[in-house]
Amino acid sequence: MDKVFEKVWINCLEIIKDIVEWQHFKTWFEPIKPVALKEKILTIQVPSQFFYEYIEEHYVSLLAKTLKRELGKDARLEYRIMVDSGNRNNKPQTIDVPGQGYKSYSNNEMDFPLVINNPVKNPFVIPGLKKMQINPQLNQAYTFEAYVEGDCNRVARRAGKTVAEKPGTTSFNPLVIYGGVGLGKTHLAQAIGNEVKRLHSNKVVLYVSSEKFINQFIDHGRNGAINDFIHFYQLIDVLIIDDVQFFTRAEKSQDAFFSIFNHLHQSGKQLILTSDKPPKDLEGVQERLLSRFRWGLSADIQMPDYDTKIEILEKKMKNDGLEMPPEVVKYIAYNINSSVRELEGALISLLAQSSLNKREIDLELAKKVLRNFVKSSSKEITIDAIQKMVCEYFDVPYDKLLQKTRKREIVQARQITMFLAKAFTKNSLKTIGEHFGGRDHTTVIHSCQTVKDLMDTDNLFKESVLELQQKVHLAAM
Ligand code: ADP
Ligand code: MG
C-alpha cells in the first residue's frame, strides 16, 4: 500500500519530470527517497551532503512550487542526508536538516516558506570532507553474480573481475568498457565498484556519470571552486566514469578530467570508463585524453547470443522468484535482439500483462505481448504529425495553430493538440510548448487540464478528442 508521503512525492515527480531534462532528472531526482510527512513537512532522503547542496541550490524553487501545489502554501521540505560511515555492516547513518534555500537562491517568490529570509548557515557542512564519507553512489543490485557471462562480454567481464581484485595495479588501467545502449556497461562498471568495496572496504570508490561530472564541474566553476572539485576527485581510489561519450563538446570539463586522470593514474589509482562507442570513434574528445584511454585495456560488450539470453532471463526470473514455461523463455530469447534492456523489458511487460489480466503466462500471451512490445518501441509519432492531424480534423490552418489567435475553435484545437502530444510522445512539456510558437510549459499544463475538464462536461468535445486519439493511436502503430 502506498503511504501518503510516497504519493505526494510521486505527484511532485510527475511534474518535475516534465520540466527538468531527462538526464538531470535521473541524476538528481531518481535517487531521492521520500521518508516522512508530518504536518506539512515532507522529508526526503538524499544520498550525500553534496547532493543536498546541489538540490538546494538548483532546484529549490522548482521543488517549492511543486510541493506547494501538493500540500498547500504551508508546505515545507526537510532533508535526510545519508552519511557513509565507511562500514558496510552498519546501516548508513543519516542527519536531518531543514531546507533553507541554501546559498544564492533568489527570485521574486520570496513568499515560499522554504526560504528563510535570514538564512542560517547550514551546521552540517563537513569541513574538509573526510575520505570515508564519500558515498560511492553504487547500486547494490549490480553485482558480478547477477551479471551473466557469455561470449558477448567475456573479456570485459574477466578484466573487470581482475581490476576489482587488484585495483590500480594491473595493466588494465584505465579499463574502458564500450558497447551499444542497454548491453550492460553500467551494470558491469558498477559491479566492479561493488566488488572493490566487498574485497577492499578501505578503498574509496566513486561512480559518476560523465553528465553529472560535467554538471558538478560547471557548478564549481561558477563558484570559483574548480580546485576543490579537482581535489575532491583526487581523493578517489577507484573512479568509475559512465558514458564518457557525453564529454564530446565539454572542452573545459575535459581539461579537468585530464588533470584528475593523470593524478590518479600516476598515484596508482584505478580508472574505469564506459562509452557507447570505441574510444577511437569518440569525436570531440581531445586526442590527449584518447591517448590516455589507450594506455589500458578497451573491451567491448556485444548483444548476447541465444544461450546467453536464456541464461540472463532465467537469472532475472530466479532473482524475482518467477516461473514461466521454458517455451516462453525461448520465445522471448529468440525474438528480442536489440539489447539486454529490451529483453528485461519484454519479461516485465509479460508479467504485467499476466497479472493485470489474471492470466497464466503461456506462449499465446507471450506472442501477443511481444507483438505490442516490439511495435511500441519501433515507432514514435512526432508533435508535428499530431499537429497536422488535428489541423486536418478541425480544418484549421497550420500557422493559425502556432499563432496567438484567441478565436475559440483555434484555441481548442491548440489545446487538444498539446494534450495529444503529451499523451502520445515522450516530449517534455517544455519541448511541446516550444512547438507552439514558443509557449512555456505552464501553458501546456493548463491546456491538458482544460481538455480533461471539458471532456467531463462537453460530450461533443469529448467525442472529437476520442476520435482524434484513435487516429493518433493508429498512426503510431
Ligand atoms: P548500458 O549501460 O550498456 O546501457 P545497462 O548496464 O544499464 O546497459 O544494462 C541494461 C540492463 O540489462 C540492466 O538491467 C542490466 O542489469 C541488464 N544486463 C545487461 N547485461 C547483463 C548480463 N550479462 N547479465 C545480466 N543482466 C544484464
Ligand atoms: Mg549505462
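Since this is a predicted model, take the numbers as computed values, not measurements.

Engineer: Could you give an account of the packing of aromatic side chains, with specific residues and numbers?
Structural biologist: Per the stated rule, a full pass over the model turns up 15 aromatic pairs. An angle of 65 degrees between the planes, with centres 5.1 Å apart, marks the rings of Phe 213 and Phe 229 as edge-to-face. Linking Phe 213 in helix α7 (residues 210–222) with Phe 229 in helix α8 (residues 226–234), this pair joins segments that are 16 residues apart in sequence. Residue Phe 213 shares its accessibility class with Phe 229, and that shared class is buried. Centroid distance Tyr 393 to Phe 394: 4.9 Å. Interplanar angle 90 degrees. Geometry classified as edge-to-face. These aromatic residues form a ring-pair network of at least three members: Phe 213, Phe 217, Phe 229, Phe 232, Tyr 233, Phe 247, Phe 257, Phe 261, Phe 293 and Trp 295. Note that Lys 212 overlies the ring of Trp 28, its terminal NZ or CZ placed 5.3 Å from the centroid.

Engineer: Give a description of the packing of helix α19 (residues 441–457) against helix α20 (residues 459–475) that names residues and reports values.
Structural biologist: Contact geometry of α19 with α20 gives a least axis separation of 6 Å together with a crossing angle of 120 degrees. When the axes of α19 and α20 are compared, the pair comes out oblique. As α19 packs across α20, the resulting crossing turns out to be left-handed. Contacts between α19 and α20 involve Val 451, Leu 454, Met 455 and Thr 457 from the first element and Asn 459, Phe 461, Lys 462, Val 465 and Leu 466 from the second. Of the residues that constitute the contact of α19 with α20, the class distribution is six nonpolar, two polar and one charged.

Engineer: Describe the sheet that holds strand β8 (residues 270–275), naming the residues involved and giving the relevant values.
Structural biologist: Reading across the sheet, the five strands line up as β6-β7-β8-β5-β9 and stay open at both edges, with parallel pairing between neighbours. The strands lining the two open edges of the sheet, one partner per strand, are β6 (205–209) and β9 (297–301). Sheet twist, expressed as the mean angle between neighbouring strand axes with direction ignored, is 15 degrees. Summarising the sheet, β6 and strand β7 (residues 238–242) pair through five bridges and their orientation is parallel. Across the sheet, the residue bridging to Tyr 207 is Ile 240, located in β7.

Engineer: Now, about α8: what can you tell me, with residues and values included?
Structural biologist: Those residues of α8 that fall on the buried side of the exposure criterion are Phe 229, Ile 230, Tyr 233 and Gln 234. Seen end-on, α8 carries its buried residues on one side only, within an arc spanning 135 degrees. Summarising the geometry of α8, the exposed residues directed more than 90 degrees from the buried face are Asn 227 and Asp 228. Buried residues along α8 sit in contact with β6, α7, β7 and α9 (251–266).

Engineer: So what's going on with helix α2 (residues 22–29)? Residues and values would help.
Structural biologist: Across the eight residues that make up α2, a large majority, six, are buried. If you check which residues of α2 are buried, you get Gln 23, His 24, Phe 25, Thr 27, Trp 28 and Phe 29.

Engineer: An account of the site of ligand 1 is needed here, citing residue identities and associated values.
Structural biologist: Around ligand 1 sit 18 residues, and of these Gly 182, Lys 185, Thr 186, His 187 and Arg 341 come closest. The separation between an oxygen atom of ligand 1 and a polar side-chain atom of Thr 186 is 2.7 Å. One of the side-chain nitrogen or oxygen atoms of Glu 344 is found 2.8 Å away from an oxygen atom of ligand 1. Mapped by element, the contributors of at least two residues to the shell around ligand 1 are α6 (185–199), α11 (306–319) and α13 (340–356). Classifying every residue of the shell around ligand 1 gives eight nonpolar, six polar and four charged. Taken domain by domain, the shell around ligand 1 gets at least three of its residues from each of domain 2 (154–301) and domain 3 (306–372).

Engineer: Which residues make up the packing of α7 against α8, and what are the values?
Structural biologist: Interaxial distance between α7 and α8 falls to 7 Å at its minimum, and their mutual angle equals 145 degrees. Packed against α7, whose contacting residues are Phe 213, Gln 216, Phe 217, His 220 and Gly 221, the element α8 presents Ile 226, Asp 228, Phe 229 and Tyr 233 at the interface. Its residues assigned to classes, the contact of α7 with α8 shows five nonpolar, three polar and one charged.

Engineer: Break down unusual backbone geometry for me, citing the residues and quoting the values.
Structural biologist: Look at the link from Asn 173 to Pro 174: it is a cis peptide, with omega at 5 degrees. Tracing the chain through its elements places Pro 174 in the loop between α5 (154–165) and β5 (175–179). Residues other than glycine seldom take positive phi values, yet Glu 39 does so here, at roughly 45 degrees. Considering the arrangement of structural elements, one finds Glu 39 in the loop between β1 (33–38) and β2 (41–46). Of note in the backbone geometry, Asp 243 takes a positive phi value of approximately 60 degrees without being a glycine. Tracing the chain through its elements places Asp 243 in the loop between β7 and α9.

Engineer: Tell me about the pairing of β5, and please be specific about residues and values.
Structural biologist: Where burial is concerned, most of β5 is hidden: five out of the five residues are buried. Neither face of β5 is exposed, since Leu 175, Ile 177 and Gly 179 on one face and Val 176 and Tyr 178 on the opposite face are all buried. Two elements, β5 and β8, share four bridges in a ladder whose sense is parallel. Residue pairing in the sheet places Tyr 178 in a bridge with Ser 275 of β8.

Engineer: Summarise a negative patch on the surface; cite the residues concerned and give the values.
Structural biologist: A contiguous patch of negative charge, built from Asp 305, Asp 307, Glu 311 and Glu 314, is present on the exposed surface. Within the secondary structure, Glu 314 sits in helix α11. Taking the relative accessible area as the measure of exposure, Glu 314 reaches 45% and is therefore partly exposed.

Engineer: Please set out the pattern of salt bridges residue by residue, giving values where relevant.
Structural biologist: Taken as a whole and assessed by the stated rule, the structure comprises 17 salt bridges. Taking the shortest distance from any N to any O, the salt bridge between Asp 362 and Arg 359 comes out at 3.6 Å. Salt bridges linked by common partners bring Glu 149, Asp 151, Arg 154, Arg 157 and Arg 158 together as one network.

The rules behind these values
- Residues numbered from 1 in each chain as written.
- Chains lettered and ligands numbered in written order.
- Predicted model: local features only at pLDDT ≥ 70, side-chain atom pairs only at ≥ 80, totals over all residues.
- Heavy atoms only, no water.
- Phe/Tyr/Trp six-rings, centres within 6.5 Å; stacked < 30°, edge-to-face > 60°.
- Helix = DSSP H or I, 4+ residues; strand = E, 2+ residues; numbered from the N terminus.
- Buried < 20%, exposed > 50% of the residue type's maximum accessible area, 1.4 Å probe, protein only.
- Lys NZ or Arg CZ within 6 Å of the ring centre and 35° of its normal.
- Axes fitted to C-alpha atoms, helices over the stretch in contact; angles between N-to-C directions.
- Parallel < 35°, antiparallel > 145°, perpendicular 65-115°, else oblique.
- Left-handed = near helix turned anticlockwise from the far one by under 90°.
- Contact = heavy atoms within 4.5 Å.
- Nonpolar A, V, L, I, M, F, W, Y, C, P; charged D, E, K, R; others polar.
- Pairing = 2+ DSSP bridges.
- Arc of directions from axis to C-beta.
- Near = heavy atom within 4 Å.
- Polar contact = N/O pair within 3.5 Å; in protein donor to acceptor, adjacent residues only side chain to side chain.
- Domains from an automatic or database assignment.
- Patch = residues over 30% accessible without salt bridge, like charges linked within 9 Å, V, L, I, M, F, W, Y side chains within 5 Å.
- Areas by Shrake-Rupley, 256 points an atom, 1.4 Å probe, with all protein chains shown as cover.
- Salt bridge = Lys/Arg side-chain N within 4 Å of Asp/Glu carboxyl O.
- Lys, Arg positive; Asp, Glu negative; His and termini not counted.
- Charge placed at Lys NZ, Arg CZ, Asp CG, Glu CD.

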